[in-house]
Each structure stands twice: as structure tokens, then as C-alpha cells.
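Structural characterization, general
So the chains spell out like this:
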Amino acid sequence: MPSWVGPCVATLVDKPPPGPAWSYEVKWGGYRAELHIELGRVRILTRNGHDWTNRFPSIAAEAPQLGVNTAILDGEAVVLDDKGRSDFGLLQRALGRRPGLHGPGEILLMAFDLLYLDGRDLRRQPQAERRQFLKQLLAGRDGAILLSEEVDADGAEFFRAACELGLEGIIAKRRDKPYHSGRRPEWLKIKCARRDTFVIVGYEPSTMPGAIGRLLLAAKKGDGLVYVGGCGTGWSYQESVTLRQLLDAIPADRPAVDLKRKGAFYSKPLLVAAVEYRAWTQDGKLRHPSFKGVLPLNGKTKVCVVGT
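Below you will find a few notes about this structure. (Residues numbered from 1 in each chain as written. Predicted model: local features only at pLDDT ≥ 70, side-chain atom pairs only at ≥ 80, totals over all residues. Heavy atoms only, no water.)

Some details on the state of the cysteines
Within this structure, the stated rule accounts for one disulfide. What pairs with Cys163 in a disulfide is Cys192, and their sulfur atoms sit 2.1 Å apart. Looking down the S-S bond of the Cys163 and Cys192 bridge, the torsion is -90°, so its handedness is left-handed. Linking Cys163 in helix H4 (residues 155-164) with Cys192 in the loop between strand E10 (182-191) and strand E11 (194-205), this pair joins segments that are 29 residues apart in sequence. Assessed through its relative accessible area of 4%, Cys192 is described here as buried. Note on Cys304: no disulfide assigned, nearest cysteine sulfur contributed by Cys231 at a separation of 14 Å. Given a relative accessible area of 8%, Cys304 falls into the buried group. (Disulfide = S-S within 2.5 Å. Helix = DSSP H or I, 4+ residues; strand = E, 2+ residues; numbered from the N terminus. Buried < 20%, exposed > 50% of the residue type's maximum accessible area, 1.4 Å probe, protein only.)

Some thoughts on unusual backbone geometry
Despite not being glycine, Asp118 has its phi angle at roughly 45°, a positive value. By secondary structure assignment, the location of Asp118 is in the loop between strand E6 (108-117) and strand E7 (120-121). Since its relative accessible area comes to 41%, Asp118 is described here as partly exposed. The phi torsion at His288 lies on the positive side, around 55°, for a residue other than glycine. Among the secondary structure elements, His288 is positioned in the loop between strand E17 (286-287) and strand E18 (290-296).

Some words on the packing of aromatic side chains
With the rule as written, the count across this model stands at 10 aromatic pairs. Ring centres of Phe112 and Trp187 lie 6.0 Å apart, and the angle between their planes is 80°; this geometry places the pair in the edge-to-face category. Of this pair, Phe112 sits in strand E6 while Trp187 sits in strand E10, and the two are 75 residues apart along the sequence. Comparing Phe112 with Trp187 shows no difference in burial state: the two are buried. Taken together, a centroid distance of 5.7 Å and an interplanar angle of 70° make the contact between Tyr277 and Trp280 edge-to-face. The class of Tyr277 is buried, set by a relative accessible area of 3%. Trp280 sits in the partly exposed class, given a relative accessible area of 24%. In this structure an aromatic cluster arises from ring pairing among Tyr31, Trp52, Phe56 and Phe88. One Lys or Arg, Arg55, reaches over the ring of Trp52 and ends 4.3 Å from the middle of that ring. Looking at Lys173, its charged tip hangs above the ring of Trp187, at a distance of 4.0 Å from the centre. (Phe/Tyr/Trp six-rings, centres within 6.5 Å; stacked < 30°, edge-to-face > 60°. Lys NZ or Arg CZ within 6 Å of the ring centre and 35° of its normal.)

Considerations on helix H3 (residues 127-138)
Between its first and last C-alpha atoms H3 spans 16 Å; for 12 residues at 1.5 Å apiece the expected length is 16 Å, and the two agree. Those residues of H3 lying buried are Gln127, Arg130, Arg131, Leu134, Leu137 and Leu138. Buried residues of H3 fall within an arc of 120° about the axis and therefore sit on the same side. The elements touched by buried residues of H3 are strand E2 (22-26), strand E5 (70-78), E6, strand E8 (145-147), strand E9 (169-174) and E10. Downstream of H3 by a residue or two, Gly140 has a phi angle that is positive, lying close to 75°. (Expected span 1.5 Å × (residues − 1). Arc of directions from axis to C-beta. Contact = heavy atoms within 4.5 Å.)

Next comes the structure, spelled out in C-alpha cells:
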């Protein structure tokens, strides 16, 4: 039995591949986790092979109950929100050192592949066969180790539905391919992206001369504005310099939101940024925002409203 298997990593594409050769699953937003069971010994390894067994106590405690002598399960360690969606922010807080609303006992393993079972290396078997073994192993389970279900649907329809439900995206896998470590074309990931406009309330300088490190963004809430996080990607160096010059021309003595940032420059809320992002975190911040452009704030500009 291998001591560690480098994970198969999905390639990012813009749209789902069509046809019956592909299977589809939800893209879980968590930490890649490889569960090893070997004669009663349990280990949970990260995508880089680090041993995180102690950080996932509920998964480790349940693993011996699977009733196998040896096994390697590939999956994602996640924490689910009240709508059953994985939330990376909740996972980070569950793994944090400070006590919070969510603890390590709430972390689940969404298993989506089976690489080794009772002395048999399954990596050369087609994905469809490995999936069948995994389904048999996890059938009817309700605990810390769960089956990441396949969805029997057209890829484009499933992707559209996943985005409407606020999920991160979907994964597509070739049913006839074996398991290979590394980034592979037989596993594809298609991410949902949202796009809104947010008021620019300032910036943090870059280490590069005259450029911006992070834009400070706000959304509407009631009659005012609320801080929704920073954005530090999506522009070229020259675009960043030009944007900084625009903001330097409209300085503000105090931020337009409740915010204190050491070294930040605050600007009057006269410009908005078009931003593409993946989702909202539990504490009301943008996840993976990317700058797409700047517009003047006027009566025709639609600014994102928190809670919509």
C-alpha cells in the first residue's frame, strides 16, 4: 500500500464538456484530504503529503468503522453551512486556534475516489469502476465520511443549477480513465463566477512604486455603505498606477465605512469597481475577488446591495 499518493488535480476550463463519457460532481470548497486506513492505523494527509490526522478528529474517529483492512480514499475536508454548501471560511475557523462557533468535530470528508482497497491498488481501474467500489463502501453512511454524489444530468444544465444555488462550481471526470497524480485533462473544474460593482473607499499601497496593493471595497446597506473586503488582483501594473492616480485626486479625511487600516489611503466614494468573485464568506466579505474595471458613481450606476 502506498504511503502517500499525489492527488489528481483538475484542470480549469470555461464550460463543462458534453457527452456520456463524463461524470459530474459538486466542486467542494475545502482542503484536499487523503484518508489512509491500514490495519487499524488511520492517517489523513494533505495534498502535499503532510499528516493532518489530529486536525480532523471526527474523520479519524470514524474511519475504522468502514470495516476495511486497508484503504486509501481521496476527498475534500469541508464544513457545510446551514444550506448544505461547503464554506471555506467556516473550515478555516474550525481549524483555527481560537475557539469559535465551529470546531474540528464539524469537519466532514466528502469522498470522491477510492485508490486502494484491501490489498488491491485501484488506480489503474477506470473512474467508473473505482466509483462503484466507493459507493459500495460508503452506501447508506451518515456521519463524518460521506460520498460525494455523482449527478446524472447534462453538464451545462448541472453547472447552471450549481451556480444558481450558490455553489463554487462543478467537477467533470472521464469515466474511462485511470487515476494519475498531477494536473490532468481527464478531470476538469468549472467555477461559478459572480460579477457586481462595488464602491471604492480607498486602497493599500503596493510595494511597487506608484501602484495599488489592494482596493478597499464597499457595498450598499440601508442608507449607507459597509466594507466587504479588499481586491488585489485583476489589473496590470500600468492600470494600477492609473487607478491610484484617480484615487489620489479624490482624497477623504476619513473612510466612508467603519474601517481602520494602517497605511491605507482613503478616497471619497465617487468611483466603483466592477469585480468578479466566487462567493461571500460568512462574515460578509468577497471570496477571490478580481478587478475588472472602474466606473464613475452616478445615478445610473448599480452598486451591489448586501443581502441580495
